[in-house]
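Residue-level structural notes
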Amino acid sequence: QVQLVESGGGLVQAGGSLRLSCAASGSIRRINVMGWYRQAPGKQRELVATITDGVITNYADSVKGRFTISTDNAKNTVYLQMNSLKPEDTDVYYCNAHITNWSYSGYAYWGQGTQVTVSS
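Now for a look at the structure at hand. Computed from a predicted model, the values in this text were never measured in an experiment. (Residues numbered from 1 in each chain as written. Predicted model: local features only at pLDDT ≥ 70, side-chain atom pairs only at ≥ 80, totals over all residues. Heavy atoms only, no water.)

**Topic: unusual backbone geometry**
For the record, the criterion: We count a stretch as a helix when DSSP gives it H or I for four or more residues in a row; a strand needs E for two or more, and each element gets its number in order from the N terminus. Each residue gets one of three labels from its accessible area relative to the maximum for its type: buried under 20%, exposed over 50%, partly exposed in between, using a 1.4 Å probe on protein chains only.
Even without being glycine, asparagine 76 reaches a positive phi, approximately 50°. With respect to the helices and strands, asparagine 76 occurs in the loop between β7 (67-72) and β8 (77-82). Positive phi values are uncommon outside glycine, yet tyrosine 104 reaches one of about 65°. Among the secondary structure elements, tyrosine 104 is positioned in the loop between β9 (91-100) and β10 (106-110). The exposure class of tyrosine 104 is exposed, given its relative accessible area of 59%.

Structure follows, in structure tokens:
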């Protein structure tokens, strides 16, 4: 079993910054992809950013140039540095990880979500 624990959400004024963290623990042989998604009430969950093999990044157009995704492979942790935050970035942010376990099976996992609120 694998657990993803998120931290770092909160309330910030427009133009401010926050850094989200997500630590994976459990039966982990290899982390293939980690990413962040966000979801507003009544809307579909949408991709924010992903990082593959700790190197290849992908961003939603709405966050390019403002958000940076990175990993600390030794800690099985992914970060999302969010700068120049806008009120429209207000959402619940979810960590996602595609992990291969010691039985060589691959699964996708989700964190519990962390609220990010940007005031105008």
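**Examining the sheet that holds β8**
Strand pairing in a sheet relies on backbone hydrogen bonds. The paired strands run either parallel or antiparallel. Basically, it comes down to this: Pairing between two strands requires that DSSP report at least two bridges joining them. Each axis is a line fitted through C-alpha atoms, taken for helices only over the stretch in contact, and angles between the N-to-C directions span 0 to 180 degrees.
Sheet architecture is open: four strands sit in the order β1-β3-β8-β7, paired in antiparallel fashion. Two strands in the sheet have a free side with no partner beyond their single neighbour: β1 (2-7) and β7. Direction aside, neighbouring strands of the sheet carry axes that sit 15° apart on average. Looking at chain direction, β7 and β8 are connected through six bridges and run antiparallel. Within the sheet, the bridge partner assigned to isoleucine 69 lies in β8 and is leucine 80.

**So, the state of the cysteines**
The criterion, for reference: Only a pair of cysteine sulfur atoms within 2.5 Å counts as a disulfide in this structure description.
Enumeration according to the criterion identifies one disulfide in this entry. Two residues share a disulfide in this structure: cysteine 22 and cysteine 95, whose sulfurs sit 2.1 Å from each other. Given an S-S torsion of about -80°, the disulfide between cysteine 22 and cysteine 95 has left-handed geometry. Pair noted here: cysteine 22 is in strand β3 (residues 18-26) and cysteine 95 is in strand β9, with a separation of 73 residues, a long-range link. The buried category is assigned to cysteine 22, whose relative accessible area is 0%. Cysteine 95 gets classed as buried once you look at its relative accessible area, which sits at 0%.

**Here we look at the packing of aromatic side chains**
The geometry of an aromatic ring pair is captured by two quantities: the separation of the ring centres and the angle between the planes. Defined as follows: The aromatic pairing rule takes the rings of Phe, Tyr and Trp, using the six-membered ring of Trp, and pairs them if the centres are within 6.5 Å, calling planes under 30 degrees apart stacked, those over 60 edge-to-face and the rest tilted. Only when the NZ atom of a Lys or the CZ atom of an Arg is both within 6 Å of the ring centre and within 35 degrees of the ring normal do we say a charge sits over the ring.
Counting across every chain of the model gives two aromatic pairs. Over the ring of tyrosine 94 we find arginine 45, and its NZ or CZ is 3.6 Å from the ring centre. The ring of tryptophan 110 is capped by arginine 45, whose NZ or CZ atom sits 4.6 Å from the centre of that ring.

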